[in-house]
Every structure is written in structure tokens, then in C-alpha cells.
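# Structural overview for review
One letter stands for each residue in the lines below.
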Amino acid sequence: MMVPELSAHGAVIPRIGFGTSQLGDCGEIVATALKLGYRHVDTAWKYGSEQGVGEGIRLSGVPRKDIFLTTKVSHEYLRAADFARSVDESLKRLQVDYVDALLVHWPTIDNIPLAETMGALAKAKREGKTRHVGVANFNIALIEEAMRLCPEPLVTLQAEYHPYLDQSKVLAYCRSKGLIFMAYCPLARGRMFNDPVLSEIARGNGKTIAQVALRWLLQQEIVAPIPRSSNPRHMAESLDVFNFSLTDDEMKRIYALKRPDGRIANPAGRAPEWD
Ligand SMILES: NC(=O)c1ccc[n+]([C@@H]2O[C@H](COP(=O)([O-])OP(=O)(O)OC[C@H]3O[C@@H](n4cnc5c(N)ncnc54)[C@H](OP(=O)(O)O)[C@@H]3O)[C@@H](O)[C@H]2O)c1
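Rules of the game
- Residues numbered from 1 in each chain as written.
- Predicted model: local features only at pLDDT ≥ 70, side-chain atom pairs only at ≥ 80, totals over all residues.
- Buried ≥ 20, exposed ≤ 12 C-beta atoms within 10 Å, placed from the backbone.
- Helix = DSSP H or I, 4+ residues; strand = E, 2+ residues; numbered from the N terminus.
- Contact = placed C-beta atoms within 7 Å.
- Near = placed C-beta within 6 Å.
- Nonpolar A, V, L, I, M, F, W, Y, C, P; charged D, E, K, R; others polar.
- Pairing = 2+ DSSP bridges.
- Expected span 1.5 Å × (residues − 1).
- Arc of directions from axis to C-beta.
- Core = buried A, V, L, I, M, F, W, Y, C linked by C-beta atoms within 7 Å.
- Right-handed = clockwise from strand over helix to strand, strands pointing away.

The next point concerns helix H1 (residues 27-36). Quick reminder: α-helices carry 3.6 residues per turn. Residues three or four places apart thus point the same way. Taken together, the buried positions of H1 are Ile29, Val30, Ala31, Thr32, Ala33 and Leu34. Residues of H1 that are buried sit in contact with strand E3 (18-19), strand E4 (40-42), helix H2 (50-60) and helix H9 (232-239). Of the residues flanking the end of H1, it is Gly37, one or two places downstream, whose phi is positive at about 130°.

Here you go:
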């Protein structure tokens, strides 16, 4: 199937992507995802999945130019020289000449000047090592600062988002700046699969809870979820979300599921002050 796309500042990003954290040696899995129709693969140096993603791309037979590939530079490597080395190592492990999006994975915890990191990010783009740049896990104040300091336009924020987490402020901000919101942990790592409200809405639409959660994200125009799965049946199911719509009332009932303790990725000492 053809996945619809979103565009921002010249970047065209598939509405659903494929996450690869915790998948490790994932060549076969990524090849399966690409054969099923996924055209955005999300990886990171930190996940240890870059080599597998590279293998998966080659195994799949899908042309490189048809794939949107995202990787990230970890918080340990935000000094300019470390950053450049990390990018080169990522390209080598992925066995590609460029990625489509290069993101700063988490903000610095070592007071490395953001200007230095943004300079290194922009340089990777100017050198053709990435087509687009962005950030992950930045709060609004940090994104604002990053946009001011980066000589190249940021196209995306990647951050956690699912029905148990209220991201209304960040979403409104991204919308105002024309940024695509790549939603990670879109299935809350499975925590909502027994939710009675989601279950009822899923039954009413003849869909699964995972599909309803993804559809809820997709109906918030700028959101591009990146679910991860190693089960081909689940992979296919998560792509099969473009043939139904949630009503306004269903959307509202799902917004109401947000919880103060809904956040999953919140590493102590590394997470910024969330909005
Ligand atoms: N930037 C960051 O800091 C950051 C942080 C976290 C995640 N991420 C990215 O976001 C991706 C997704 O987040 P995540 O991996 O943490 O969690 P997730 O996608 O919310 O949840 C993954 C879990 O959902 C299950 N699943 C997937 N599709 C399903 C379906 N259709 N039906 C039922 N179960 C399904 C998977 O099990 P099966 O394998 O059995 O299907 C897996 O256990 C990551 O892989 C990574 O690429 C980025």
C-alpha cells in the first residue's frame, strides 16, 4: 500500500514510519516492513539497530531513494567533532551516503553550547550527509533556541505521544512553526491494550486498539507516528489505518484519556523540563 505523506520546509515524510529501538539485529524485520509498504525507518546510534536497518534496506529491494531514513546523534556526542564522527559512523553502519533526517536525540546534559551542536547539525546537511535536520526530546524553549541558532530549517520534532500523554502545548507550538511532530511510543509500548474506552471505540469501528490509537494521532494533521513491531501481522495492521475515521466525539473521548503519569520515556538527569 502507498502511505500518505506530510511536508514541512521541503521535507516529505510518510505519515506512518517504522520504529527500530530494541530490535537490535533487525535486517529481516526491516525488510519485511519495507515489503509491506513502510517507507520511513527510524533508527539511532543508541538503538544498535543501524546495521540491521542498512541490511533490511538492501534485503528489501526497495530503492534507497524511495525510503525516508531517520537517524540520531546521541547526547554524548554533541560537541562539533564528536557529532561529525557520530554521523560518519552512522552512515557507515547504515551503508548509505545520506540519511533523510538527522536528529539530535536528547538535549545536552553537559552544558555543551546549543550553538555548537546546531552548527554541527547544519554542517552535516550542507555536506550532503542528511537531507533534513531536526530535534528530539526538546521542550518548547529549547526548540525555539535551536531554531534561532541553526542555520538550516528544522523540519521535525520527534517526541513521545499517545493517548495517555497530553502534548497539546507542544503540538500547538509545532503547528505554529510548521514542524512535523514525529510521534514515538505511539502505542505507549502496549500499555493501553486493555483500555476499556479504546476497546469500545475499536469494536465500534471494526478495528484494533493499536489502529484506533494510530488513527487518533493521524487525525491531528501534523503528527507522523512511528510504531515498532517485530510481528508482521502487527506491522500490516498498523499500516491499515487510512480507510476509516474517528468521529469528533471519539477523538474527544480519546483526548480525555491523558494522565499526569502517562509519560514513558523520562530518563532521570537527561529529560528536559517537559511542557
Ligand atoms: N527519540 C526518542 O527518544 C525515542 C524514544 C522512544 C522511541 N523512539 C522511536 O519510536 C519507536 C516506537 O516507540 P517504541 O518502540 O518505544 O514503542 P511503541 O511503538 O509504542 O510500542 C511497541 C510495542 O507495541 C507492539 N505493537 C506494535 N504494533 C502493534 C499492533 N499493531 N498491535 C499490537 N501490538 C503492537 C509491539 O509488539 P510486537 O513486536 O509484538 O508487535 C511492541 O511491544 C521506537 O522503536 C523508536 O524508533 C524514539
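As a further point, take the site of the ligand. Around the ligand sit 27 residues, and of these Gly19, Tyr184, Leu187, Arg228 and Ser229 come closest. Looking at which element gives the most residues to the shell around the ligand, the answer is H9, with three residues. Broken down by class, the residue content of the shell around the ligand amounts to 10 nonpolar, 13 polar and four charged.

Here we come to the sheet that holds strand E8 (residues 154-160). The eight strands are arranged E3-E4-E5-E6-E7-E8-E9-E10 in an open sheet whose pairing can be described as parallel. Across the chains shown, the open sheet's two edge strands, defined by having one partner strand only, are E3 and strand E10 (223-225). Inspection of the sheet shows strand E5 (residues 68-73) paired to strand E6 (residues 99-104) by four bridges, in the parallel sense. Bridge pairing in E6 places Val73 opposite Val104.

The first and last C-alpha atoms of helix H4 (residues 114-126) sit 18 Å apart over 13 residues, in line with the 18 Å expected at 1.5 Å per residue. Along H4, the positions that sit buried rather than exposed are Leu114, Thr117, Met118, Ala120, Leu121 and Ala124. The arc that holds every buried residue of H4, seen down its axis, measures 155°, which confines them to one face. Check the buried side of H4 and you find it contacts helix H3 (80-94), E6, strand E7 (130-136) and helix H5 (140-149). Taken from the residues just after H4, Gly128 is the one with a positive phi, measuring 80°.

A separate point is the nonpolar core. Ranked by internal contacts, the top residues of the largest apolar core, which has 82 residues, are Val30, Leu102, Val135, Phe181, Ala183 and Ala213. At eight residues, helix H8 (residues 209-218) tops the list of elements feeding residues into this core. Each residue touching Val30, except ones within four places of it in the same chain, is listed here: Thr20, Val41, Gly52, Val53, Gly56 and Ile57.

Looking now at unusual backbone geometry. With the exception of glycine, the majority of residues adopt a negative phi angle, and the majority of peptide bonds are in the trans configuration. One non-glycine residue, Gln95, lies in positive phi territory at about 55°. Its place among the elements puts Gln95 in the loop between H3 and E6.

On to the pairing of E5. The side chains of a regular strand alternate between the sheet's two faces. Counting buried residues along E5, six of its six residues qualify, which places the element largely inside the surrounding structure. Pairing geometry for E4 and E5, over three bridges, is parallel. From the neighbouring strand, His40 faces E5, where its bridge partner is Phe68. A crossover connection joins E5 to the parallel E6 through H3; in handedness this β-α-β unit is right-handed.

This is a description of form; function is not addressed.
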